[in-house]
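Topology and contacts: notes
These are the residues of each chain, in order.
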Amino acid sequence: MKENNNTSRPPLKERVLSSVRPIGQKSDALVTSKSDVMKKFASSLWQKMRYFDLWLLVPYVVLLFFGALMVYSASVWWGIVQYDYEPNHFYIRQMIFATLGFVIFMVTVFVKKQLYTSPVPVAVFAGITVLMLIYVRLMGWGDGAGARSWFSLFGINVQPAEVAKLAIIVVMTVMLTHFLKRRHADELLTKHYALLFAYPLLCIVLVASQPDLGAVAVMLSLVMGIFIVTGVSARRYMRMFGGVVIAAVAAALIGVLTGYISGNRLGRLKAWLDPFEYQTIEGYQVIQGYVAIGSGGLGGVGLGHSAQKLGYLPEPHTDFIMAVISEELGFIGVLIVVVLLYTIVCRALIIALKTPDLHTRFLAAGIGTWIGIQTFVNLGGMLGFIPLTGVTLPFVSYGGTSMVLLSLSMGILMNISIHEKVRQSKQRKPETAA
């Protein structure tokens, strides 16, 4: 005879009523689960903030707001006289760009690494970039005769060449990581190089067709900069470097012979060789930059007291903003800006050399190369070391696209640095316990 177990259980009605909770009241398990999630998120947030890389954060923030200040100083006269704008027009826009850039930087710091390392989001970003480059070539506009470098989006001028620089970095890092997980850098075959250089070459050709030769120079440098940390032998690297230089020179000669590089662009090359011979035309801006640099001396003439920005330097708040800094703050002001940029570049390369992960290593090296080369091209053009190309000074020159993309890159760099610090901390804990 079976024992009746129902006597030990409550009646069915009581069991049903006990399982029903008032509307809006959450179960203890759900509350506990949400509480755990929030605690875990707060812990992760605090951990990342605790490992912030001050060697990246401090120079970046200082350059952002120092750049906005110098844009205000350099653009007041030019905005009023040349464009009939309010005195603070460019300053307000630059502050908006700087604030937006900082927000994007902070968001990127806390996103998952897979967002910029996984093939799918990288492929989408690369495809959108190519479409932007094609669109600007067909429908865009620019300052030079026949140049098409910008298009307007919601009232903001977008320069796809800046987007293409970051796209080249992320695409090359994904492909290099895939190849080098299976073979050494010196064992890469012709088909690997063909696949690796296909996307950068496409972007370079589209940007050169705008034309934006300064951006092309930076892109070529990015390709070689990423290869520095692949482990490729010095002999093979020099062969690649020589091939890139020969190809660039050949393309320039073909451009001159076919008339593609002519007019203002050819004049800039002539002015580089002897700016004083063309001091009233293509060499004018370089010579006025020299005057500004010479007037500044060691300590400068004082913030806001530049004379060259009063109609002598064309667009002093963009490519030639360092000339205004040199005149107003002197050699000391220039040195501070260069040291801050140099700190970011060196820190990026140190991160690239320290991290064992191939993907993040190539990303860090690419971003560091981008900032370093763009700084060199801007200052080199102003000083006459290289032909003037119209490349902005990172984080300082006026420009929304450049500010946003560089801030996004700084966020990626900070994210990589935090992950590396966390990894090293976890490695040290077992040693401490032992």
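Provided above is the structure to which this section pertains.
Counting from 1, residues in each chain are numbered in the order their sequence is written. Where local features are concerned, this predicted model is filtered to residues with pLDDT of at least 70; where side-chain atom pairs are given and counted, the filter is 80 or more; whole-chain, interface and lining totals use all residues. Excluding hydrogens and water, the side-chain figures rest on all heavy atoms present in the structure.

1. A few points about the packing of helix α12 (residues 284–296) against helix α14 (residues 358–383)
Two elements in contact, α12 and α14, have axes whose closest approach is 8 Å; the angle formed by their N-to-C orientations is 90 degrees. One element, α12, and the other, α14, form an angle in the roughly perpendicular class. Every residue of α14 that contacts α12 at V286, Y290 and I293 is listed here: G381, M382 and L383. Residue polarity is assigned by list, with Asp, Glu, Lys and Arg as charged and Ala, Val, Leu, Ile, Met, Phe, Trp, Tyr, Cys and Pro as nonpolar; anything else, Gly included, falls into the polar class. Here the residues of the contact of α12 with α14 sort into 5 nonpolar, 1 polar and no charged. Every axis corresponds to a line fitted to the C-alpha atoms, with the helix fit spanning only the stretch in contact, and the corresponding angles, defined between N-to-C directions, vary from 0 to 180 degrees. Strands are runs of DSSP state E lasting at least two residues, helices are runs of H or I lasting at least four, and both sets are numbered from the N terminus onward. For classification purposes, angles smaller than 35 degrees are called roughly parallel, those larger than 145 roughly antiparallel, those between 65 and 115 roughly perpendicular, and all remaining angles oblique. Throughout, a contact is declared for two residues whenever any of their heavy atoms are within 4.5 Å.

2. Notes on the pattern of salt bridges
Oppositely charged side chains may form a pair once their charged atoms are brought near each other. Any carboxyl oxygen of Asp or Glu within 4 Å of a side-chain nitrogen of Lys or Arg constitutes a salt bridge here. A complete count under the given rule lists 4 salt bridges for this structure. Note that K309 and E328 form a salt bridge whose closest N and O atoms lie 2.9 Å from each other. With K309 in the loop between α12 and α13 (321–354) and E328 in helix α13, the pair connects residues that are 19 residues apart, well separated along the chain. Think of it in three bands: with a 1.4 Å probe and only protein chains considered, a residue is buried below 20% of the maximum accessible area for its type, exposed above 50%, and partly exposed in between. Look at E328 and you get buried, because its relative accessible area is 1%. Across the pair R423 and E420 runs a salt bridge, and its minimum N-O distance is 2.4 Å. Taken together, the residues span about one helical turn, with R423 and E420 both in helix α15 (residues 400–433) at a distance of 3 residues.

3. Description of helix α6 (residues 119–139)
Relative to the 30 Å expected for 21 residues at 1.5 Å per residue, α6 spans 30 Å between its end C-alpha atoms, a close match to the ideal helical length. Taken as a whole, α6 has its buried residues at V122, A126, T129, V130, M132, L133 and V136. The arc that holds every buried residue of α6, seen down its axis, measures 155 degrees, which confines them to one face. Set apart from the buried face of α6 by more than 90 degrees, the exposed residues are V120, L131, L138 and M139. Tucked into the core, α6 has its buried residues touching α5 (114–117), β1 (151–153), β2 (156–158), α7 (160–180) and α8 (190–208). An expected span of 1.5 Å times one less than the residue number is assigned to each helix. Each C-beta atom gives one direction from the helix axis, and the arc is the one those directions make.

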